[in-house]
Amino acid sequence: MGGCISVSVSCDQFVNQFSQWLCVRKGYIHSLPENLAALQKAIEVLKTKHDDVKRRVDKEEFLGRRHRLSQVQVWLTNVVIIEKRFNDLFSNKEVEIERLCFCGFCSKSFGKSYHYGKMVSVMLKEVENLSSRGVFDVVTEENLVAQVEEMPIQSTVVGQETMLERVWNTLMKDGFKIMGLYGMGGVGKTTLLTQINNKFSEIDGRFDIVMWVVVSKTPEIYRIQGDIAKRLGLTGEEWDKKNENKRAVDIHNVLRRHKFVLLLDDIWEKVNLELVGVPYPSRENGSIVVFTTRSRDVCGRMGVDDPMQVSCLEPKEAWDLFQNKVGENTLKSHPDIPELAKQVTEKCRGLPLALNVIGETMACKSTVQEWRHAIDVLTSSAIEFSGMEDEILPILKYSYDNLQREHVKSCFLYCSLFPEDYEIKKEELVDYWICEGFIDAKDGKERAINEGYEIIGTLVRTCLLIEDGWTKTEVKMHDVVREMALWISSDFGKHKDQCIVRAGVGLHVVPEVKNWRAVRRMSLMKNELEKILGCPTCPQLTTLLLQKNHKLVNISGEFFRFMPNLVVLDLSWNSSLTGLPKKISELVSLRYLDLSYTNIERLPVGLQELKQLIHLNLESMKSLESIAGVSKLLSLKTLRLQKSKKALDVNSAKELQLLEHIEVLTIDIFSSLVLEHLLCSQRLAKSIQYVELIEVEEESFKILTFPSMCNIRRIGIWKCGMKEIKVEMRTSSCFSSLSKVFIGQCDGLKELTWLLFAPNLTYLDARFAEQLEDIISEEKAASVTDENASIIIPFQKLECLSLSDLPKLKSIYWSPLSFPRLSELAVQEHCPKLKKLPLNSKSGTAGVELVVKYGENKWLEGVEWEDKATELRFLATCKSLYR
C-alpha cells in the first residue's frame, strides 16, 4: 500500500483534549460577567495610579526644571492606550451580556461571545500587569546639560571678535554677574548678545538654562514673565490665568534651585527682576543676567556701575565689515573702486548698521562713477542715500524719541548745527542753549549752567553725544547720528529750508535758499566765505552761526536788516573781519553775540541798541581799541574780555560797575587800581569767572587780598610784585568753584596758604617764583585753623600738581596727604630744596594711579621718603618728564 500513512490516536486522549478545549471556550463565556467587573475595577485602580504618577511628574517638572524618565513616559503612554482600548471594549458590554443564555453557560452567538470573553480576559491580565509596573521610586531626572535655544546669526560676524572675547571672559571669570552692555543704536549690541547666547551652547554642565527675552521700549512684566515661562515649561490654561505676583512666585521657585542665564535685549528703563520673579545673581546661585541698552543711566538703575560700552568699530574692523558686505567681485571690478570704497567706509564712522546697509547697497555698483556719486551724496546730503531714510535713521530715532523732555530734544538737535566730527566745547554749548531759551536762567546763571551740564550728561549716557578730549570738556556727534538730527530738524525731509546746515563743506559763497522766510536756523560755520551780501527777509531766523570763516572780510549793512527774531549770532574766529555794519542794531531780539578772535577795531555804535543782549564775548580781540558803550547793554549777564588788546583802565572798570545784571565776567588786569575797583564791587567780584593778573608791580601793591569769590573758576597770576596773598573771608566756600590756579614769575611770594580755601582745586601750576618756600605754610595754616576752629585738609580734589624753577621751595605740605584724586605730581626743574614730598604708602590709593614725574635725576636721588614702603611704591612708578 505504498504512499499511505497510518495515524493511530487513542480515543480516550482525543476526548480528553477536546473536553479541555471546550471548557476553556465555555470559561470565556461563563466567566464574562465576573471578568468584566474585575476589568472595570482594575482599570479604575490603574487610572488612579496614572493620575498620581502624572501629578507627581508634572509637579517635579514644574518646580524643579527636571525631565520625566523615559520608562515613566512609556508607562503613562501605555496606560492612556489601554484605557482607550478598554472604553472601546466596554462600550459593547450590554450587547454581549444579552447574548448569554442558560445561566451564562451558553450564548446565542457562541463564536462572538467567545471572542469578546477572550479579549476581556486578556485585557484584564494586561491591566493587572501594567498596574503592577506602575510603582516608581523616581519619576524624573535633573537636566545635566545647559539648554540653549541657538539664535540665527550670520556665519561670520566681522568686527566684534575682541569685544565678544572680553565680555565672555568677564562672564566666565566672575562666575556670577549682572552685566550691562550699552551703546548707540545700530552699534551691534543685539548681535553681540546673540553671539553670547549661542556661545553658551559650547559649554556643558555649567548652566541649567539660558533664556532670551526681547524687552524693547516698555518693560511689560507680564509679557517678560510669559517669555521666561515658555523656556521653563510653565504653560497651560492654569498658568495663563495667574496674575503677575503668582507668576513671579512660580518663576522664582523654578529658577532659585538652578544656575541660569537671562539675556535681556534692548531695555530702555529698569526691569525689576524681583517683580518678574528672577533671583538676583549671587555667588550662591552662580547665575548670570546680561542686558543691552542704549543708555548708561539704565545700567546704573539696573545696579551695574561698571557697564561695558559697545563702541563703533575701529577703522580696520570697519573696512573688513564693509568689504564683506560689498563683496570681492565688486571691489575687483575696477582698480579705483577699493580706494573709493574706503572713503565710503569712512563716512560710516565705524557704525555697523550703516556699514551693513550702505555696503549692501553698493554691492552691485561696479563702476567708478557710481562710487563717486555715492561719496558726493553721503557728503552733501546723506539723507538721500538709498537705505538711509528707511533702514538707518528710524532705528537711531528711537533714542531721540526716548528723551523724556522736549527741551532736551531741542538741545540735542542743536548739536547738529556743527560740522561733522566737530569738537563742541561744553561751556559754549550751554551758553547757546541758555540764550536760545532751551534752559531757563531766571533762577541764576549757575543753576542754568548746572542744568545744561546735566542735559549734556543725559545725551552722552544715551549715546547721542560722545564725550571727547582727555579733560572731557568737549562733546561731538557721530556723523550718522548727526544726519538723523538734521533729518528730524527738517521735519523728516519735508521742509529742508527750516534748518540749513552747510558747515565745514568748503563754501565760498552763501548758498542759494529757495525760501528765506522759512529758515529758522542756519549754520555756515567753518567755510571759505569772503563776503556776505544781500538783504534776505528772514522773519523766523533765530540762529545764525558764521564762525571760523577765516577769509571773511565784509558783511553788508543790509544783511541783518530783516532778521527781527535772530537770537544767536556767532562771528567768532573770523580773523579777517575788521568791522561790523551799523545795521546790527536792527537785531532787536539778539541775546547772544560772539566776536571773539576777530580783528574788529571798534564796536559799532548800534551795538548799544541791543537791549535784549545777555551774552557778549569779546575775548582775544587783538585789535579792539575800546569797550565804551558796553554799560548801555542793560540786560547783559555774561561779558568775556580776556586776552583782548584793550587793557582795562579805571574808566572801563567804573563802566562795568554799571552792569546791574552781570553774572559772568572774564578779564585780564594790569593795574592795582583797576583790581581795586573791581574787587570793591561785590557784584563784579562775585561775577568774575576767569581772571589773570599780569605785571601788576606797583610799589603800593604788596598784599593781594581776595574777597569771597564763590564763582571764580580759574586764576592766573603772572609777573606780579605782591609779597603775600590773603583771603578776606576765611571760609571753605570762599573759592568753592576755583579749579585751576597758575602762578609764575611772582618773586615776592613765600607761600600760597590761601589755597586752603579752594576745596575743589584740580590743577595747580607754580613756577619761576624765587622766594617761594612753602605751598602751604604750617605756621600760616595754624593761624587759619585757630580762626576757623577746624582743620582744613587741602588738595582733596587735586588732579595735577606741577612745580618748576622754585629754588627755595622746601615743602608742599608738612605731613603726608591722602591725595585721593591726584594722578600726577610733577617736579620739573630747579627745585633743589624740595627733599620731602607729602606722600606715604597710602597716598593716592583711592582708585587713581598717582605718578611722580621728575625732570632731574639728581633731584629724585635726593628725595627723603616717608618710609621704605613709600619709597618702594613711588620709585617703581616714577617717570622722567624728558623720556
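Here, every reference points to the structure presented above.
A quick note: this is a predicted structure, and the numbers were derived from the prediction, not measured. (Residues numbered from 1 in each chain as written. Predicted model: local features only at pLDDT ≥ 70, side-chain atom pairs only at ≥ 80, totals over all residues. Heavy atoms only, no water.)

Helix and strand counts for the protein come out as 28 helices and 32 strands. Its C-alpha radius of gyration of 43 Å places the protein more than 25% over the 29 Å reference for a compact globule of 883 residues. Projected onto its principal axes, the C-alpha positions of the protein cover 160 × 75 × 55 Å. Counting every position in the protein, which comprises 883 residues, the buried fraction comes to 50%. Counting only contacts in the protein whose residues sit at least 6 apart along the sequence, the fraction spanning at least 24 positions is 64%. Carbon together with sulfur atoms contributes 49% to the accessible area of the protein, which is approximately 42300 Å² in total. (Helix = DSSP H or I, 4+ residues; strand = E, 2+ residues; numbered from the N terminus. Rg over C-alpha atoms; globule rule 2.2 N^0.38 Å. Buried < 20%, exposed > 50% of the residue type's maximum accessible area, 1.4 Å probe, protein only. Contact = heavy atoms within 4.5 Å. Areas by Shrake-Rupley, 256 points an atom, 1.4 Å probe, with all protein chains shown as cover.)

Right, let's get into the sheet that holds strand E6 (residues 209-216). As summarised here, the arrangement of the 5 strands in space is E6-E7-E8-E5-E9, forming an open sheet in which the pairing is parallel. A strand with exactly one partner marks an edge of an open sheet, and here the two such strands are E6 and strand E9 (308-309). Where strand E5 (residues 177-182) lies against E9, 2 bridges are found, and the strand directions are parallel. Looking across to E9, one finds that Tyr182 is bridged to Gln309. Packing of helix H8 (residues 221-232) onto the sheet brings it into contact with E6 and strand E7 (260-267), and relative to E6 it is tilted by some 155 degrees. (Pairing = 2+ DSSP bridges. Axes fitted to C-alpha atoms, helices over the stretch in contact; angles between N-to-C directions.)

Here we come to helix H13 (residues 315-326). Compared with the 16 Å implied by 1.5 Å per residue over 12 residues, the 16 Å span of H13 between its first and last C-alpha is a close match. Those residues of H13 not exposed but buried are Ala318, Trp319, Leu321, Phe322, Lys325 and Val326. Viewed along the axis of H13, the buried residues span an arc of 165 degrees, placing them on a single side of the element. Those residues of H13 that are buried lie in contact with helix H14 (328-331), helix H15 (337-348), helix H16 (352-362) and helix H17 (368-380). (Expected span 1.5 Å × (residues − 1). Arc of directions from axis to C-beta.)

This next bit is on the pattern of salt bridges. Per the stated rule, a full pass over the model turns up 38 salt bridges. Residue Glu328 is joined to Lys332 by a salt bridge in which the shortest nitrogen-to-oxygen separation is 2.6 Å. We note a salt bridge from Glu692 to Lys643, for which the minimum N-O separation is 3.6 Å. Placement of the pair is Glu692 in strand E23 (residues 688-694) and Lys643 in the loop between strand E21 (638-640) and helix H23 (650-656), with a sequence separation of 49 residues. What makes Glu692 buried here is its relative accessible area of 15%. One salt-bridge network, held together by shared partners, links Glu427, Asp431, Lys445, Arg640 and Arg713. (Salt bridge = Lys/Arg side-chain N within 4 Å of Asp/Glu carboxyl O.)

Read from one edge to the other, the open sheet built from 3 strands follows the order E10-E12-E11, with strand pairing classed as antiparallel. Of all the strands in the sheet, just strand E10 (424-425) and strand E11 (466-468) have a single pairing partner and so form its edges. Across 3 bridges, the pairing between E11 and strand E12 (residues 474-476) is antiparallel. Paired with Ile466 across the bridge in E12 is Lys476.

A separate point is the side chain of Arg294. For Arg294, the location among the structural elements is in the loop between strand E8 (288-293) and helix H12 (296-301). For the buried residue Arg294, which engages in no salt bridge, the nearest side chain bearing the opposite charge is Asp266, 4.9 Å off. Polar side-chain contacts of Arg294 include one of 2.8 Å to the side chain of Ser399. In contact with Arg294, other than residues within four places in its own chain, are Gly183, Gly185, Lys189, Ile267, Trp268, Ile395, Leu396, Tyr398, Ser399, Arg461, Thr462 and Cys463. (Lys, Arg positive; Asp, Glu negative; His and termini not counted. Polar contact = N/O pair within 3.5 Å; in protein donor to acceptor, adjacent residues only side chain to side chain.)

Strand E22 (residues 664-669) sits mainly inside the fold: 6 of its 6 residues count as buried. Of the two faces of E22, the one lined by Val664, Thr666 and Asp668 and the one lined by Leu665, Ile667 and Ile669 are each fully buried. Alignment of E21 against E22, held across 3 bridges, turns out to be parallel. Bridge assignment links Thr638 to a residue of E22, and that residue is Val664. Direction of pairing for E22 relative to E23: parallel, over a ladder of 5 bridges. Paired with Thr666 across the bridge in E23 is Tyr690.

What follows deals with the packing of H13 against H16. Closest axis-to-axis distance for the H13/H16 pair is 8 Å, and the angle between their directions is 35 degrees. The crossing of H13 and H16 is right-handed. Contact residues: Ala318, Leu321, Phe322, Lys325 and Val326 in H13; Pro352, Leu355, Asn356, Ile358, Gly359, Glu360 and Met362 in H16. Class assignment of the residues belonging to the contact of H13 with H16 gives a composition of 8 nonpolar, 2 polar and 2 charged. (Left-handed = near helix turned anticlockwise from the far one by under 90°. Nonpolar A, V, L, I, M, F, W, Y, C, P; charged D, E, K, R; others polar.)

In summary, soluble globular proteins display a tendency toward joint burial of nonpolar side chains. Among the nonpolar cores identified, the biggest contains 135 residues, and Ile358, Phe412 and Trp433 are the most heavily contacted of them. Of the residues forming this core, the biggest block, 7 residues, is contributed by helix H22 (residues 479-489). Beyond its immediate stretch of four places on either side in the chain, Trp433 contacts Cys411, Tyr414, Cys415, Phe438, Ile439, Gly452, Ile455, Ile456 and Leu459. Counting 121 residues, the second largest nonpolar core, distinct from the first, contains Leu659, Ile717, Ala766 and Val827. (Core = buried A, V, L, I, M, F, W, Y, C linked by side-chain atoms within 4.5 Å.)

Another point: the environment of Phe735. On the secondary structure map, Phe735 appears in the loop between strand E26 (724-727) and strand E27 (740-744). Once the C-alpha coordinates of Phe735 and Cys710 are considered, the two residues, 25 residues apart in sequence, prove to be 4.9 Å apart. If sequence neighbours within four positions are ignored, Phe735 has contacts with Phe706, Pro707, Met709, Ile712, Ile715, Val727, Trp754, Phe757, Ala758 and Pro759.

Our next topic: the packing of helix H18 (residues 388-401) against H22. It is at 9 Å that the axes of H18 and H22 come closest, and there the two elements cross at 85 degrees. On the basis of the axis angle, H18 is roughly perpendicular to H22. Touching Glu389, Ile392, Leu393, Pro394, Leu396, Lys397 and Tyr400 of H18 are Val480, Val481, Glu483, Met484, Trp487 and Ile488, all from H22. Classifying every residue of the contact of H18 with H22 by side-chain character gives 10 nonpolar, no polar and 3 charged. (Parallel < 35°, antiparallel > 145°, perpendicular 65-115°, else oblique.)

With respect to the secondary-structure elements, Val298 resides in helix H12. Note on Val298: relative accessible area 0%, which makes it buried. Considering only alpha carbons, one finds Val298 and Gly180, 118 residues apart in sequence, at a separation of 8.7 Å. Look past the residues within four positions of Val298 in its chain and what remains in contact with it is Ile267, Trp268, Glu269 and Thr293.

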